[in-house]
Amino acid sequence: MQSRKSLSVVSSLLYSGYSDNNTNEKKKKMAAGTSSFRKTAQATSHQKQQQKQKHQKNDISRTQLLNDGNVIPTLGLGTWKSNPPEECTLAITSALRNGLTHLDCASAYANEHVIGKCLSKVFGDEDTSREDVFITSKLWNDRRKPDDVREALEQTLEDLQLEYIDLYLIHWPVCWKRGTVLVDDTETSIEECWKTMEQLKREGKVKSIGVSNFNQEQLTQLMKHSEIKPAVNQIESHPMLPNDALIQFSKKMGVAVTAYSPFARGSELFKNEIVRKIAERRQTTPSKVILRWHLQRGVIVIPKSASEIRAKENADFQALETFSLTEEDMEELRALDCDYSTAPAPWSHFPQVARRNKILRPLFKVLTYPFFKVFSMDVQMMGRKKFITF
C-alpha cells in the first residue's frame, strides 16, 4: 500500500515538474521556413548576415546560427503534455503543414513514441523531408554515466524513428542514481555526461548538443571542462519571469537561448490588460505580441500547443513579421516581471522555485524513499511497459 502511494506521488510530481503546440502551396509554406538544416557549409554568409540583421532594432529572424555552425529555427512547437496521442498527432501535423520546422521533444514527456509515428507518416506522405525539420530531445536526470547516456539516446532515436537528433540537451543539471528520482549519484557528474554527449556529436548521432535549466554558475562550470561548447541553453522565460540576466550571460558565452513556457501557461497573460492593449495597438493577438517580444530579444521560442488550431496559429511566422513592438511596448511588457515561475520541479535550483522546494524536496524524498527501495523507474518509458520494474 505504501509503495502504491509512493508511485502516485512520483508520477504526479514528474508530470508537474517540467516546465512547464495542394503540393505547391505546401512547398511554398515550407520554403518560408528553413528548408535544410544539415548544410552547415552553406550556412555562412547568408546566415551570418541574418545574425547581424537580427540584432538591428525591432528586427526578427527565422533562424539563428549556432556556435557549431548549425542552424536552428527561432520558432518551434513544444510538446510537453502534448497528449492524448490523437491531439498530439493533430497538433504536430498541423504545425508542420503550416510551415513550422522545429519540434521540441524530451524523453521524459512520455510521448516521443507517439511523435515518432506522426513524423514517420508526415515524412512518408507529405512534401516534408527529415532534413526540413529541426528536432530537439533531452536526456533525463538519471542518465549520466556513458553507457546510460548512449542507451537513452538509442531509445529516443527508436521512439522518434530517426537516425539522428538535431539538438540533444541535458534536461536538468542534476545527477541521480539510475531508476530513481531525487536520489543523488555521487559516482558520476555533469562533466562526465557531457564528454559522452561530445562523443555522440562527433559520431553524428546528434548534430548539436546543449543544456537546459542551467544557471550562470552551472554553465560556467561546464564550459571549463568542455571541448565542445553547449550550443543552446533552454530556460524558462516569459514576461512574468524574463530571465534577462541569464539570457545575456548565455549569449555572452556564445550560447543561444531557447525559452520554454513562453506564455507562462497562457491564460493569465492573454487576459492581462497591458498585453491586450499592446495587441490592440498592433492589430494582432496577445499570443503574437508575446511571441514577437521573445523574438525581438533574440530568443528562440517554443510555444506548446495541444490543439490543431492553436498549433497552426503559433506556426505562422509571417504574421509575426507584419508588426513590430516599439521600445515603449517592450518596456510595458518588462514591467510585468514579478519573479513568477511556472516550473515547480522539486529538483530545480532556480531561486524562484528553490524557495518552494525547501519544503517540497525533502517531503518528496521521504514519500518516495520506500518506493525506490523496492522498485526502479524508467522515466523514458513512462506510460508503457517497463516504466516500473522490480
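Figured I'd write up the structure that's included with this text. (Residues numbered from 1 in each chain as written. Predicted model: local features only at pLDDT ≥ 70, side-chain atom pairs only at ≥ 80, totals over all residues. Heavy atoms only, no water.)

### Comments concerning helix H15 (residues 327-334)
Put simply, the test is: The buried label applies to any residue whose accessible area, calculated with a 1.4 Å probe on protein chains only, is under 20% of its type's maximum; exposed applies above 50%, and partly exposed to all values in between. Think of it this way: any DSSP run of H or I at least four residues long counts as a helix, any run of E at least two long counts as a strand, and we number them from the N terminus. When we speak of the arc, we mean the arc of directions from the helix axis to the C-beta atoms. Any two residues whose heavy atoms approach within 4.5 Å are treated as being in contact.
Buried residues of H15: Asp329, Met330 and Leu333, and no others. Each buried residue of H15 lies within a common arc of 100° when the element is viewed along its axis, so the set occupies one face. Contacts made by the buried residues of H15 are with helix H11 (273-281) and helix H12 (286-296).

### Regarding empty space enclosed by the protein
Stated precisely, the cut-off is as follows: Using only the protein atoms, space was sampled on a 1 Å grid; points where a 1.4 Å probe fits but cannot get out form cavities, open sets with protein on both sides within 12 Å along at least five of seven lines form pockets, and lining residues are those with an atom within 4 Å of a point. Grid points are joined across faces, edges and corners, and a volume is the space filled by probe spheres set on the points. Three classes are used: nonpolar for Ala, Val, Leu, Ile, Met, Phe, Trp, Tyr, Cys and Pro, charged for Asp, Glu, Lys and Arg, and polar for all others, with Gly counted as polar.
The computed volume of the largest cavity comes to approximately 70 Å³. For the lining of the largest cavity, the secondary structure elements donating two or more residues are strand S8 (232-236) and helix H16 (351-374). In the lining of the largest cavity, the residues fall into seven nonpolar, five polar and one charged.

### A few points about the pattern of salt bridges
Selection criterion: Between Lys or Arg on one side and Asp or Glu on the other, a salt bridge is scored when a side-chain nitrogen of the former is within 4 Å of a carboxyl oxygen of the latter.
Under the counting rule described, the total for this entry stands at 22 salt bridges. A salt bridge links Lys201 to Asp68; the shortest N-O distance between them is 3.1 Å. Taken together, the residues Lys201 in helix H7 (residues 190-203) and Asp68 in the loop between strand S1 (63-65) and strand S2 (71-73) connect sequence positions 133 residues apart. For Asp68, a relative accessible area of 24% puts it in the partly exposed group. Arg130 is the salt-bridge partner of Asp166, the closest N and O atoms lying 2.8 Å from each other. Here Asp166, found in strand S6 (residues 165-170), pairs with Arg130, found in the loop between helix H5 (112-125) and strand S5 (134-139); they are 36 residues apart in sequence, far enough to count as distant. Looking at Arg130, the relative accessible area reads 12%, which means it is buried. Sharing partners across several salt bridges, the network here consists of Arg281, Arg282, Asp329 and Glu332.

### Observations regarding the side chain of Lys288
With respect to the helices and strands, Lys288 occurs in helix H12. Judged by its relative accessible area of 9%, Lys288 is buried. Lys288 has contacts with Glu313, Ala319, Leu320 and Phe323, leaving out every residue within four places of it along the chain.

### Here we look at helix H4 (residues 85-97)
Applied cut-off: Helix span is expected to be 1.5 Å times the residue number reduced by one.
End to end, H4 covers 18 Å across 13 residues, agreeing with the expected 18 Å (1.5 Å per residue, within 8%). The first or second residue beyond H4 is Gly99, which carries a positive phi of 100°.

### Here's the deal with the packing of aromatic side chains
Selection rule: Two rings from Phe, Tyr or Trp (for Trp, the six-membered ring) form a pair when their centres sit within 6.5 Å of each other. Planes less than 30 degrees apart are called stacked, planes more than 60 degrees apart edge-to-face, and all others tilted. By definition, being over a ring means that NZ of Lys or CZ of Arg is both within 6 Å of the ring centre and within 35 degrees of the ring normal.
According to the stated counting rule, one finds eight aromatic pairs in the structure shown. Ring geometry for Trp140 versus Trp176: centroids 5.8 Å apart, planes at 85°, classification edge-to-face. Highlighted residues: Trp140 in the loop between S5 and helix H6 (146-160) and Trp176 in the loop between S6 and H7, separated in sequence by 36 residues. Like Trp140, the residue Trp176 is buried in the burial classification. A ring pair is formed by Phe371 and Phe372, whose centres lie 5.0 Å apart and whose planes are at 80°; its orientation type is edge-to-face. Relative accessible area serves as the criterion here: at 14%, Phe372 is assigned to the buried category. Against the face of Tyr164 rests Arg130, its NZ or CZ located 4.1 Å from the ring centre. If you follow Arg297 out to its NZ or CZ, it ends over the ring of Trp293, 3.9 Å from the centre.

### So, the sheet that holds strand S7 (residues 206-212)
Put simply, the test is: By definition, two strands form a pair when at least two bridges between them are found by DSSP. Here, axes are lines fitted to C-alpha atoms. For helices the fit covers the stretch in contact, and angles between N-to-C directions go from 0 to 180 degrees.
On the basis of which strands lie adjacent, the open sheet formed by eight strands has the order S3-S4-S5-S6-S7-S8-S9-S10 and parallel pairing. For this open sheet the edge positions go to strand S3 (77-78) and strand S10 (300-301), each flanked by a neighbour on one side alone. Each of S5, S6 and S7 touches H7; the most contacted strand, S7, lies at about 160° to it.

### Some thoughts on the nonpolar core
Quick note on the threshold: For the purposes of this section, nonpolar cores are sets of buried Ala, Val, Leu, Ile, Met, Phe, Trp, Tyr and Cys residues that join through side-chain atoms within 4.5 Å.
Membership of the largest hydrophobic core comes to 67 residues, with the highest contact counts inside it found for Ile92, Leu103, Met197, Leu320, Leu325 and Leu333. Not counting chain neighbours up to four residues away, the residues in contact with Leu333 comprise Pro239, Val275, Ile278, Val289, Trp293 and Leu325. Counting residues in each nonpolar core, the second largest holds 21 residues, with Val174, Val181, Ala345 and Val379 among its members.

### Comments concerning unusual backbone geometry
One non-glycine residue, Ala110, lies in positive phi territory at about 60°. Position of Ala110 among the secondary structure elements: in the loop between strand S4 (102-104) and H5. Even without being glycine, Gln283 reaches a positive phi, approximately 55°. Counting through the fold element by element, Gln283 comes out in the loop between H11 and H12.

### Some words on the packing of H4 against H5
Let me state the cut-off plainly: To sort the angles, those under 35 degrees are grouped as roughly parallel, those over 145 as roughly antiparallel, those from 65 to 115 as roughly perpendicular, and the leftovers as oblique. Working rule for handedness: look at the near helix, and if it is turned counterclockwise from the far one by less than a right angle, call the crossing left-handed; if clockwise, right-handed.
The interhelical angle for the contact between H4 and H5, taken along N-to-C directions, is 40°, at an axis separation of 9 Å. The angle between H4 and H5 places the two elements in the oblique class. Taken as a pair, H4 and H5 cross one another with a handedness that is right-handed. The segment H4 lies against H5, with Pro85, Cys88, Thr89, Ile92, Thr93 and Leu96 engaging Val114, Ile115, Cys118, Leu119 and Val122. For the contact of H4 with H5, the class distribution of residues is nine nonpolar, two polar and no charged.

### Here's the deal with the pairing of S8
Consecutive residues of a regular strand have side chains that alternate between opposite faces of the sheet. Definition in use: Consider the strands pointing away from the viewer: the crossover is right-handed when the path from the first strand over the helix to the second runs clockwise.
Extensive coverage of S8 is indicated by the burial of five of its five residues. The two faces of S8 match: Val232, Gln234 and Glu236 on one face and Asn233 and Ile235 on the other face are all buried. The pairing of S7 with S8 spans two bridges and is parallel. Within the sheet, the bridge partner assigned to Val211 lies in S8 and is Asn233. Handedness of the β-α-β unit built from S7, helix H8 (residues 216-224) and S8 comes out right-handed. Pairing of S8 with strand S9 (residues 256-260), which is carried by five bridges, proceeds in the parallel orientation. The partner of Glu236 across the bridge, within S9, is Tyr260. In this view, the connection linking S8 to its parallel neighbour S9 by way of helix H9 (residues 244-252) has right-handed handedness.

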